[in-house]
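Close look at the chain arrangement
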Amino acid sequence: MARSPVEAPQHVLDLLNKLHKLSIEQEARLKGDKPRFVSTDSSFDDLMRDKLIALDEDKCHFIYQLIRTTGATNVIEAGTSFGISTIYLALAVGENKKSLNSGDGRKSKPGVIATENEPSKAAKARQHWAECGPEVEAEIDLREGNLLETLATNVAQDVDLLLLDIWTPLALPTLKLVQSKLRPGAVILVDHTLTAADGYKELLAYFEAPNSGFHSLTLPYSGGLEMTVYNPRK
Ligand SMILES: C[S@@+](CC[C@H](N)C(=O)[O-])C[C@H]1O[C@@H](n2cnc3c(N)ncnc32)[C@H](O)[C@@H]1O
């Protein structure tokens, strides 16, 4: 188990540990017949329906730390699955709110918008968040259905961080959908930009276009984790 920077009750840390293990075991069994995050067709969705495909634990730890150090309280997750990465987002945002209010962050509106289009996965995610307790549960607004529809409305301004952990063809359309809501200095994180570079070709070109306002760095986590900062010119 990796050393964890996460501040959470022991039962939450134990649950995260258990779910990461399960996800790794599933991925090991899948190797060979799984094209990673490349398709939006129904056979791919069928294959992935019962898979956790959680973000690696060390990446989750990094994102938790990033949220804590930037003070983010307004986060969007594209691709939630069984809700593992979402637990980290909710814990970090909850801690930030506590420091800001020096009170109980639970009274404010949820700081994390999560998105999942598979009803069985959404149900599992809700179950995991309930196991964590109200500190996590209350921080998450799960939008069920196609994120290109569920993120089209009701997204507040000044999004601090967007996590793109979604099938590659959806990454750029999702970014474009919420771009106007990103605050200057917002961070966009994208998983597997090295191993899935082909699938992310359009997204990466969009980041790199002159005057795009996006400034990108590939962090050397497994498969590459893209960390992009949005600073549009005025
Ligand atoms: C890589 S997984 C997310 C893993 C999750 N972030 C974690 O670390 O536990 C991507 C998820 O996106 C979901 N998804 C795919 N297409 C979607 C869409 N159009 N709208 C919402 N969710 C979608 C898939 O069902 C899948 O569960």
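Under an unreviewed UniProt entry, the protein chain has the name O-methyltransferase and belongs to Lentinula detonsa. Reading the Sequence similarities (unreviewed entry) entry of the UniProt record for the protein chain gives the comment "Belongs to the class I-like SAM-binding methyltransferase superfamily. Cation-dependent O-methyltransferase family."

Here we look at the packing of aromatic side chains
To describe a pair of aromatic rings, one takes the distance between the centres and the angle between the planes. Summed over the entire model, instances satisfying the criterion amount to 4 aromatic pairs. Consider the rings of phenylalanine 62 and tyrosine 221, whose centres lie 5.8 Å apart with planes at 45°: the pair is tilted. One end of the pair, phenylalanine 62, is in helix H3 (residues 57-70); the other, tyrosine 221, is in the loop between strand E6 (214-219) and strand E7 (225-230), with 159 residues separating them in the sequence. On the accessibility criterion, tyrosine 221 (22% relative accessible area) is partly exposed. These aromatic residues form a ring-pair network of at least three members: Tyr206, Phe207, Phe214 and Tyr230.

Description of the nonpolar core
Across soluble globular proteins, nonpolar side chains show a tendency to be buried alongside one another. Ile67, Val75, Ile87, Trp129, Val136, Leu161 and Leu189 are the most contacted members of the largest nonpolar core, which totals 40 residues. For this core, the leading source of residues is helix H4 (residues 84-101), giving 8 residues. Apart from the residues lying within four places of it in its own chain, the contact partners of valine 136 are Ile87, Ala90, Leu91 and Trp129. The next biggest cluster of nonpolar side chains, apart from the first, holds 31 residues, and it includes Met48, Ile166, Leu172 and Phe207.

Some details on the site of the ligand
Taken together, 21 residues lie around the ligand, and Leu55, Gly79, Ser85, Glu116 and Asp165 are the ones closest in. Contacts to the ligand include glycine 79, whose backbone N or O atom sits 2.9 Å from a nitrogen atom. Lysine 121 places a side-chain nitrogen or oxygen 2.9 Å from an oxygen atom of the ligand. Contact with the protein chains covers 97% of the free accessible surface of the ligand, which is 600 Å². Considered class by class, the residues forming the shell around the ligand number 9 nonpolar, 7 polar and 5 charged.

About the criteria used
The residue numbers shown here count from 1 along each chain, following its written sequence. Note on the predicted model: pLDDT of at least 70 is required for a residue's local features to be given, and 80 or more for side-chain atom pairs to be given and counted; whole-chain, interface and lining totals, by contrast, use all residues. With hydrogens and water stripped out, all remaining heavy atoms of the structure feed into the side-chain values. UniProt positions are given in the numbering used here, feature names are shortened, and annotations may be inferred rather than shown by experiment. Put simply, two rings from Phe, Tyr or Trp (the six-membered ring, in Trp's case) pair if the centres are within 6.5 Å, and we call them stacked under 30 degrees between planes, edge-to-face over 60, tilted for the rest. Note on conventions: DSSP H or I runs of at least 4 residues are helices, E runs of at least 2 residues are strands, and numbering of each starts at the N terminus. Here the term buried applies to any residue with accessible area under 20% of the maximum for its type, exposed to any over 50%, and partly exposed to those in between, with areas from a 1.4 Å probe on protein chains only. To qualify as a nonpolar core, a set must consist of buried Ala, Val, Leu, Ile, Met, Phe, Trp, Tyr and Cys residues joined through side-chain atoms within 4.5 Å. The contact definition used throughout considers only heavy atoms, calling two residues in contact when any of these lie within 4.5 Å. It suffices for a single heavy atom of a residue to lie within 4 Å of a molecule or strand for the residue to be listed as near it. Identification of polar contacts relies on pairs of N or O atoms within 3.5 Å, with a donor-acceptor requirement for protein atoms, meaning one able to donate a hydrogen and the other able to accept it, and with residues adjacent in sequence counted only if both atoms are side-chain atoms. To measure how exposed things are, a 1.4 Å probe is used in the Shrake-Rupley method; for residues, cover is taken only from the protein chains shown. All amino acids are sorted into three groups, where Ala, Val, Leu, Ile, Met, Phe, Trp, Tyr, Cys and Pro are nonpolar, Asp, Glu, Lys and Arg are charged, and the leftover types, Gly among them, are polar.

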